[in-house]
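One letter stands for each residue in the lines below.
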Amino acid sequence: MLLTILGLTLLASTPSAPPVSCLSANGKTACGYSCRRSADDVRCASTPYGTCGVFNGEVYCFDPPLSAIHHPPDEGLRPECKGLGSEAACGFNCLVAQGKIACAKTPYGVCREHFGELKCWDPPEATVHELGAETPRPECLTASTAIECGYDCENNRTEVKCAATPRGRCEKNDFRIQCFDPPSLLHCAHTQPPDPAEVRKPKHQRREEKPAEAGQAVR
């Protein structure tokens, strides 16, 4: 009886995913989410958390990684697609510079331009799982034509190095730079995906999760 109640409680709390849609164009058919088509192309995102855009007759689609889906930023998980001339890209915190476009893969990533190069960098997924919306914003540092992004960055005249995690550290000694990152000991297991409609909202607009209700139902 307890297992039946628990099963019904978990089933009731599982968010309902939007229905899959299909589009056709020029003899092609694609199914998924946020589908878009042009005269010659048609594509869909693989998850309800993704997005698609059309630029110069080409369709571009993007799906966030699981770490970003389960740990959305306070302002909401809203990937975007941008285009400029023949260039297009999808993701987060997109940067348009020097006639190019680049986007980070997570909302916690950064993009910077240096000497005509657009560089995007994202914290490791383990960091996003551990810190979520509290993930510190990475920095980017340059040295001559080199550019690197991460945490606690150090540089000399020609070289830049950064730690990959907020707890990492870089040390410069006699112009040599050494960085170290302690391993993540977090094991993050998610039982079900969040409601796609909720993760797009700012934190103050999201429905409050009430895990205690499941325990009360079992008792």
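Residues numbered from 1 in each chain as written. Predicted model: local features only at pLDDT ≥ 70, side-chain atom pairs only at ≥ 80, totals over all residues. Heavy atoms only, no water.

Would you mind showing me how to read the overall build of the protein chain here?
Each helix and strand in the protein chain was counted, giving five helices and 15 strands. Sequence separation of 24 or more characterises 34% of the internal contacts of the protein chain that already satisfy a separation of 6 or more. Accessible surface, the protein chain: about 13,100 Å² in total, of which carbon and sulfur atoms supply 51%. (Helix = DSSP H or I, 4+ residues; strand = E, 2+ residues; numbered from the N terminus. Contact = heavy atoms within 4.5 Å. Areas by Shrake-Rupley, 256 points an atom, 1.4 Å probe, with all protein chains shown as cover.)

I keep staring at the nonpolar core and nothing clicks. Help me out?
Tyr49, Phe62, Ala68, Ile69, Leu77, Cys81, Cys90, Phe92 and Val199 form the largest nonpolar core, which has nine residues in total. Residues contacting Val199, with those up to four places away along its chain left out, are Tyr49, Ile69, Pro72, Gly76, Leu77, Pro194 and Arg206. If you look at the next biggest cluster of nonpolar residues, it comprises six residues, including Val110, Cys149, Tyr151 and Ala163. (Core = buried A, V, L, I, M, F, W, Y, C linked by side-chain atoms within 4.5 Å. Buried < 20%, exposed > 50% of the residue type's maximum accessible area, 1.4 Å probe, protein only.)

Sorry, what's going on with the sheet that holds strand E1 (residues 21-25) here?
Backbone hydrogen bonds hold the strands of a sheet together, and the pairing may be parallel or antiparallel. Spatial ordering of the open sheet is given by E1-E2-E3, a layout of three strands whose pairing is antiparallel. What marks the edges here is a single partner per strand, and that holds for E1 and strand E3 (42-45). Along the sheet, successive strands turn relative to each other by an average axial angle of 45°, direction set aside. In this sheet, strand E2 (residues 28-37) lies alongside E1 in antiparallel orientation, the contact comprising five bridges. What sits directly across from Cys22, in E2, is Cys31. (Pairing = 2+ DSSP bridges. Axes fitted to C-alpha atoms, helices over the stretch in contact; angles between N-to-C directions.)

Can you help me understand unusual backbone geometry in this one?
Leaving glycine out, the prevailing phi sign among residues is negative, and the prevailing peptide bond configuration is trans. In the Ramachandran plot, Ser144 falls in the positive-phi region, its phi being about 55° despite a non-glycine side chain. Considering the arrangement of structural elements, one finds Ser144 in the loop between strand E11 (139-143) and strand E12 (146-155). Non-glycine residue Asp174 carries a positive phi angle of around 55°. One can find Asp174 in the loop between strand E14 (169-173) and strand E15 (176-180).

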